[in-house]
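# Tertiary structure, described
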2 protein chains.
Amino acid sequence: MEIKSDTEKLILEAARKVFTEKGLDGARMQEIADRANINKAMLHYYFRSKDKLFESVFKAAFNEFWPEITKSINESANVEDFLKRAISSYVDLFMDKPFLPIFILSEVNRTPDRLESLIREGGVNPHLIVEYLKEQMDLGKLKAMDPKELLVNVISLCIFPFAGKSLIERMIFQGDKESCESFLQERKKSIYEFLKPLIIANN
Amino acid sequence: MEIKSDTEKLILEAARKVFTEKGLDGARMQEIADRANINKAMLHYYFRSKDKLFESVFKAAFNEFWPEITKSINESANVEDFLKRAISSYVDLFMDKPFLPIFILSEVNRTPDRLESLIREGGVNPHLIVEYLKEQMDLGKLKAMDPKELLVNVISLCIFPFAGKSLIERMIFQGDKESCESFLQERKKSIYEFLKPLIIANN
DNA sequence: AAAAGAATTAACCATTTGGTTAAATTATAT
DNA sequence: ATATAATTTAACCAAATGGTTAATTCTTTT
């Protein structure tokens, strides 16, 4: 890990905000520079091009997001803990960075290739999660089903409400921001309750 | 409903493709014109501005998407049918138009105001769905819970896997397109199976 | 058939945008 | 202190982009 200059950090933070809010195409280099209170040329001095700068931001965002679920496995004693931890940390993360889910989803959707390099260097092994779930099912700790399906369902329940926040806020909460916000906060408990029946009690 | 000229329809179809694939910011008027095999000036002749054209596309996309769930209620005899129908029609729709979910989510996210006018004129009443679910719970047909939560969960399970298709394909299916595709197709059954325990059997 | 109106095109325009450059300023090393 | 290297700035540039216009072709009406 190289030491980053203050300016570089300022740029990255401003770029993170602008890119996650407006996407690669919607973001303007000038706006990033303005938000970082620096000259636009500095962006190119430190990152060469818009795409390179974007890549840095995207990489950081993705690594803040995906590895969390693997971490949840490693730091949990059993499936129950795992589910609680994974759900809780995702809700916390997305409450804090509301634009993260839709940012990752839409940029991955537009340029799936970006994932390739990330996976190779990042050392992220997605298969471990599926194997873990399969294992827990074989051990009789989880209701038997396609582990991939379960994984997708858990992720769906955690991410979608945040990715679709604006939609939900308007269509289900009639535009009431506070209700919607507390609803999302509550999901830390309610997603778990929803998935609880899949956990097989010890006897 | 006014009669649309052939050219207008060509434009709308090309615009639909380009906008849903690349978003408002990423779309180029020239590309839309090229795909419709017409002169770029025609876009402005019929739709005045990029934003107006986008609005037409967005409106059509949204109306293809959201009202479906209300339709499912109206055309179903009971909750079981409703769930089956809603899930099935969403899976069909998104298999056919893979870019639809992420398109709607990201554009609503970027410009939530766009929903306002749509709701007013469209006559879409989101509250009906929540009321329907509440009613079914009161009737003892569905496990009692916050109906909003249930609605969000159903929508999450239906939409997210399509919105996150590229992510899932790469992270869970190791890039195997066919497996991922058939997995998504299978969700018509598997989402229903997943939600089935919430339906209370008649006695 | 001629006039009027609608549809279509090619050329053009102003602005925006990512990116560059050369000079100036600041920090570092000798 | 002074030379050297790193950082920062203002001015500039070429390409791209949404949009316009005036002329042309095609339709419709009378």
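Residues numbered from 1 in each chain as written. Chains lettered and ligands numbered in written order. Predicted model: local features only at pLDDT ≥ 70, side-chain atom pairs only at ≥ 80, totals over all residues. Heavy atoms only, no water.

### Some words on the overall build of chain A
Helix and strand content of chain A: 12 helices and 0 strands. Listing every helix and strand of chain A by position from the N terminus yields α-α-α-α-α-α-α-α-α-α-α-α. C-alpha atoms of chain A, sized along the principal axes, occupy 65 × 45 × 30 Å. Buried positions account for 52% of the 203 residues belonging to chain A. In the form shown here, chain A has an accessible surface area of approximately 9,600 Å², with 49% of it arising from carbon and sulfur atoms. (Helix = DSSP H or I, 4+ residues; strand = E, 2+ residues; numbered from the N terminus. Buried < 20%, exposed > 50% of the residue type's maximum accessible area, 1.4 Å probe, protein only. Areas by Shrake-Rupley, 256 points an atom, 1.4 Å probe, with all protein chains shown as cover.)

### Quick word on the UniProt feature "DNA-binding region" (unreviewed entry) in chain A
UniProt tags residues 28-47 of chain A as "DNA-binding region" (unreviewed entry). Each end of residues 28-47 of chain A is marked by a C-alpha atom, and these two atoms are 15 Å apart; helix forms 80% of the span and strand 0%. (UniProt positions renumbered as here; feature names shortened; annotations may be inferred.)

### Remarks on the packing of helix α10 (residues 147-163) of chain A against helix α12 (residues 177-195) of chain A
Residues and elements named next belong to chain A. Across the interface, α10 lies against α12 with an axial gap of 11 Å and an inter-helix angle of 160 degrees. In this view, α10 runs roughly antiparallel relative to α12, as classed from their interaxial angle. When you trace α10 past α12, the crossing you get is right-handed. Contacts from V154, L157, C158, P161 and F162 of α10 reach α12 at L184, R187, I191, F194 and L195. Class assignment of the residues belonging to the contact of α10 with α12 gives a composition of 9 nonpolar, no polar and 1 charged. (Axes fitted to C-alpha atoms, helices over the stretch in contact; angles between N-to-C directions. Parallel < 35°, antiparallel > 145°, perpendicular 65-115°, else oblique. Left-handed = near helix turned anticlockwise from the far one by under 90°. Contact = heavy atoms within 4.5 Å. Nonpolar A, V, L, I, M, F, W, Y, C, P; charged D, E, K, R; others polar.)

### What to know about the protein's contact with DNA strand C
Of all residues adjacent to DNA strand C, which total 14 residues, the nearest are A:R28, A:K40, A:K50, B:M42 and B:Y45. Within 4 Å of the protein, the contacting atoms of DNA strand C are 60% sugar and phosphate, with bases supplying the remainder. Between A:H44 and DNA strand C, the recorded distance is 3.2 Å, taken from a side-chain N or O atom to a phosphate oxygen. The separation between a phosphate oxygen of DNA strand C and a polar side-chain atom of B:Y46 is 3.2 Å. Where the surface near DNA strand C is concerned, the elements lending two or more residues are α3 (40-47) of chain A together with α3 (40-47) of chain B. No other element matches the 4 residues that α3(B) contributes to the surface near DNA strand C. (Near = heavy atom within 4 Å. Polar contact = N/O pair within 3.5 Å; in protein donor to acceptor, adjacent residues only side chain to side chain.)

### Digging into the relation of the copies chain A and chain B
By a simple turn and slide, chain A fits onto chain B: the slide is 0.0 Å along the axis, the RMSD is 0.0 Å, and the turn is 180 degrees. These values place the two chain copies in the arrangement generated by a two-fold rotation axis. The overlap is high: 100% of the interface residues of chain A also sit at the interface in chain B, so the same surface is used on both sides. (Least-squares fit on C-alpha atoms with pLDDT ≥ 70 in both.)

### Topic: the state of the cysteines
Tallied over the full model, the rule gives 0 disulfides over all chains. The thiol sulfur of A:C158 is not disulfide-bonded, and the nearest other cysteine sulfur, from A:C180, lies at 16 Å. (Disulfide = S-S within 2.5 Å.)

### Topic: the UniProt feature "domain: HTH tetR-type" (unreviewed entry) in chain A
UniProt tags residues 5-65 of chain A as "domain: HTH tetR-type" (unreviewed entry). For the annotated span residues 5-65 of chain A, helix accounts for 87% and strand for 0% of the residues, and the straight-line distance between the end C-alpha atoms is 25 Å.

### Thoughts on the protein's contact with DNA strand D
Residues in contact with DNA strand D amount to 14 residues; listed here are only the nearest, A:M42, A:Y45, B:R28, B:K40 and B:K50. Backbone sugar and phosphate groups make up 60% of those atoms of DNA strand D lying within 4 Å of the protein. Between A:T7 and DNA strand D, the recorded distance is 3.1 Å, taken from a side-chain N or O atom to a phosphate oxygen. Note that a base nitrogen of DNA strand D is positioned 3.2 Å from one of the side-chain N or O atoms of A:N39. Mapped onto the surface near DNA strand D, the elements with two or more residues apiece are α3 of chain A together with α3 of chain B. Ranked by the residues each element gives to the surface near DNA strand D, the list is headed by α3(A), at 4 residues. Across the surface near DNA strand D, the residue classes break down as 7 nonpolar, 4 polar and 3 charged.

### Observations concerning the packing of aromatic side chains
For the coordinates displayed, the defined rule picks out 28 aromatic pairs over all chains. Ring centres of A:F54 and A:F103 lie 5.7 Å apart, and the angle between their planes is 65 degrees; this geometry places the pair in the edge-to-face category. With A:F54 in helix α4 (residues 50-65) and A:F103 in helix α7 (residues 100-110), the pair connects residues that are 49 residues apart, well separated along the chain. For the ring pair B:F58 and B:F62, a centre distance of 6.3 Å and an interplane angle of 25 degrees mean the geometry is stacked. Of this pair, B:F58 and B:F62 both sit in helix α4 (residues 50-65), 4 residues apart, which is roughly one turn of that helix. One exposure class covers both B:F58 and B:F62, and it is buried. Pairwise contacts between aromatic rings join A:F19, A:F54, A:F58, A:F62, A:F65, A:W66, A:Y90, A:F94, A:F103 and A:F162 into one cluster. (Phe/Tyr/Trp six-rings, centres within 6.5 Å; stacked < 30°, edge-to-face > 60°.)

### Structural notes on unusual backbone geometry
The backbone of A:R48 shows a phi angle near 70 degrees, a positive value even though the residue is not glycine. Mapped onto the elements, A:R48 comes out in the loop between α3 and α4. If you check the backbone angles, B:Q174 has positive phi at about 50 degrees while not being a glycine. Looking at the secondary structure, you find B:Q174 in the loop between α11 (165-171) and α12 (177-195).

### Some words on the side chain of B:T20
All names here are of chain B. Following the sequence through the fold, T20 ends up in helix α1 (residues 6-26). T20 gets classed as buried once you look at its relative accessible area, which sits at 7%. A polar side-chain atom of T20 sits 2.6 Å from the main-chain carbonyl oxygen of R16. Within the structure, T20 has its side chain in polar contact with the backbone oxygen of K17 (distance 3.2 Å).

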